[in-house]
Amino acid sequence: MIATMMIARKFLSVAIAAIVLLCASACFGQRTTETSVPLGDKLKRALEQSTLTGAHAKPFHVKVHLAESTNPASPYSAEIEESWVSPQQWSRVIETPDFKQTLIVNGDKGSEQITGDYYPLWLRAFVNGLFDPVPSAEVWKKQDSKVTQMTLLNGQHSDACARMKFKLGSEKINNDAFSSICFDDAGRLKMVGSPGYSIEFDDYQKFGERMIARRYQSNPEPGTNLVANVILLEDLKPDAALFAIERATPPEQRLQSIHVTQSTIEQVSDSEPPMVWPAVRSGKTSGVLSMYISVDRQGRVREAYPLNADNAGLQDAARDQLLKWKLKAMAIKGVPVQAESGVTFRFETK
């Protein structure tokens, strides 16, 4: 959505930029001041001032075009449209060449219509970026840490970032994984990244009392640059017809995508052959490698993205094999669901 190694590189680039800023201040005789604030306060403020939805947000109508920036013919393309009055009243249409979802929420009722059998992980990342940009906000707010921002005498501010480190995999085989969050010089969200989800926010413009990003970017894998541009954002005059529901869809019957552990993946993949590791040209010949996978409602692995690896030269081989996996379908109360998970493998090669 997003690879952990790419997140780490973005985090490192921000740190380097901060160092450059410090050097520049020394060269020109300027002093810098540092301001540290609790991460939870910083995030709360960012969400209040730079998100479309949430408490006290104004009703809106938005249209978004998503495409792969360097490949107009790419299958990575989508149109997203939403009319929103409140968390209890909104409608959304998401459409790609292979998938379409129409959602309506009106009070305690909701309806869903779907064409196609799979809601792509890369697309869900952008939908989150637009309407729920920090899915793990409560986890971040509970972190007992602070973020530091530097200010020059000329008033220029640096970006401010925070990072969480955790283990991904099982008790027997696991790997380091990271989540990162960055704020720009005005305290707005600049980047949010974790396994399976990574979005950059850019081109903020005023909408009502808030500043809303008009450009969203994600690099789910090396060489793939996806960009979503807001082509229309306007005030919405509430119209009951927009949220009329002829036939409600029970919540348990709606399309769900759940996070599962590696042990669950292992249980539903007991018939899959072990990973085969090709010889490598350089780097470690033994270690661990992590991937992030998304599984459809029939149990097929539809997406596999690299995370952290002791030898990145084996990531393509891991992805090719994972995309051939056919697992046992997963379900909740008898209803098939999509699933996503970070998985870690131990490799031995030559």
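Just above, that's the structure.
Per chain, residue numbering runs from 1 following the sequence as it is written. pLDDT decides what is reported in this predicted model: residues at 70 or higher carry local features, side-chain atom pairs at 80 or more are listed and counted, and totals for whole chains, interfaces and linings draw on all residues regardless. Derived side-chain values reflect all non-hydrogen atoms in the structure, with water molecules and hydrogen atoms excluded from consideration.

Draft legend 1. Quick peek at the side chain of Asn219. Strands here mean DSSP runs of E at least two residues long; helices mean DSSP runs of H or I at least four residues long; both are numbered from the N terminus. Mapped onto the elements, Asn219 comes out in strand β12 (residues 210–221). Buried residues are those whose accessible area, probed at 1.4 Å on protein chains only, stays under 20% of the maximum for their type, while exposed residues exceed 50% and partly exposed ones sit between those limits. Owing to a relative accessible area of 15%, Asn219 belongs among the buried residues under this scheme. We define a polar contact as two N or O atoms separated by no more than 3.5 Å, with the added condition that, inside protein, one atom must be a possible hydrogen donor and the other a possible acceptor, whereas residues neighbouring each other in sequence contribute only through side-chain atom pairs. A distance of 3.2 Å separates the side chain of Asn219 from the side chain of Asn225, its partner in a polar contact.

Draft legend 2. Geometry of the nonpolar core. To form a nonpolar core, buried Ala, Val, Leu, Ile, Met, Phe, Trp, Tyr and Cys residues must be joined to one another through side-chain atoms within 4.5 Å. In this structure, Leu43, Val134, Ile181, Leu189, Phe201 and Tyr216 are the most contacted members of the largest nonpolar core, which totals 58 residues. Sorting elements by how many residues they give to this core places helix α3 (residues 121–131) first, with eight residues. Should any heavy atoms of two residues lie within 4.5 Å, those residues are considered in contact. Setting aside its immediate chain neighbours within four residues, Tyr216 contacts Phe126, Gly129, Leu130, Ile199, Glu200, Phe201, Leu226, Val227, Ala228 and Val230. One finds Leu289, Ile293, Leu322 and Leu327 within the second-largest nonpolar core, a separate group that totals 24 residues.

Draft legend 3. Focus on empty space enclosed by the protein. Here a cavity denotes grid points, spaced 1 Å and computed from the protein atoms alone, that fit a 1.4 Å probe unable to get out, and a pocket denotes an open set having protein on both sides within 12 Å along at least 5 of 7 lines; residues with an atom within 4 Å of a point are the lining. Grid points are joined across faces, edges and corners, and a volume is the space filled by probe spheres set on the points. With the rule as written, the count across this model stands at two cavities of 30 Å³ or more. As for the largest cavity, its lining consists of Ser50, Thr51, Leu52, Gly129, Leu130, Pro133, Leu189, Phe201, Tyr204, Ile212, Ala213 and Tyr216. Breaking the lining of the largest cavity down by element, the ones donating at least two residues are α3, β11 (197–207) and β12. It is β12 that contributes the most residues to the lining of the largest cavity, three residues altogether.

Draft legend 4. View of the packing of aromatic side chains. Pairing of aromatic side chains here covers Phe, Tyr and the six-membered ring of Trp, requires ring centres within 6.5 Å, and sorts the geometry by plane angle: under 30 degrees stacked, over 60 edge-to-face, intermediate tilted. Applying the stated criterion across every chain, the model contains eight aromatic pairs. Judged by centre distance (5.1 Å) and plane angle (20 degrees), the rings of Phe99 and Tyr119 are stacked. A residue pair is termed long-range when its members are at least 10 positions apart, and Phe99 in the loop between β4 (89–95) and β5 (100–106) and Tyr119 in the loop between β6 (109–115) and α3 qualify at 20 residues. No difference in accessibility class separates Phe99 from Tyr119, as the two residues are buried. Joined through ring pairs, the aromatic side chains of Trp277, Trp325, Phe345 and Phe347 make up one cluster.

Draft legend 5. Quick look at the sheet that holds β12. When DSSP finds at least two bridges between two strands, those strands are taken to pair. Judged by pairing direction, the sheet is antiparallel, and its eleven strands sit side by side in the order β6-β5-β4-β3-β2-β13-β12-β11-β10-β9-β8 without closing on themselves. Strand pairing shows two members of the sheet lacking a second neighbour, β6 and β8 (160–169), which therefore form its edges. Looking at each pair of strands side by side, their axes are set apart by 15 degrees on average, direction ignored. The pairing of β12 with strand β13 (residues 224–235) spans five bridges and is antiparallel. Note on β13: the bridge partner recorded for Arg215 is Asn229. Angles run from 0 to 180 degrees between N-to-C directions of axes, and those axes are lines fitted to C-alpha atoms, restricted for helices to the stretch in contact.

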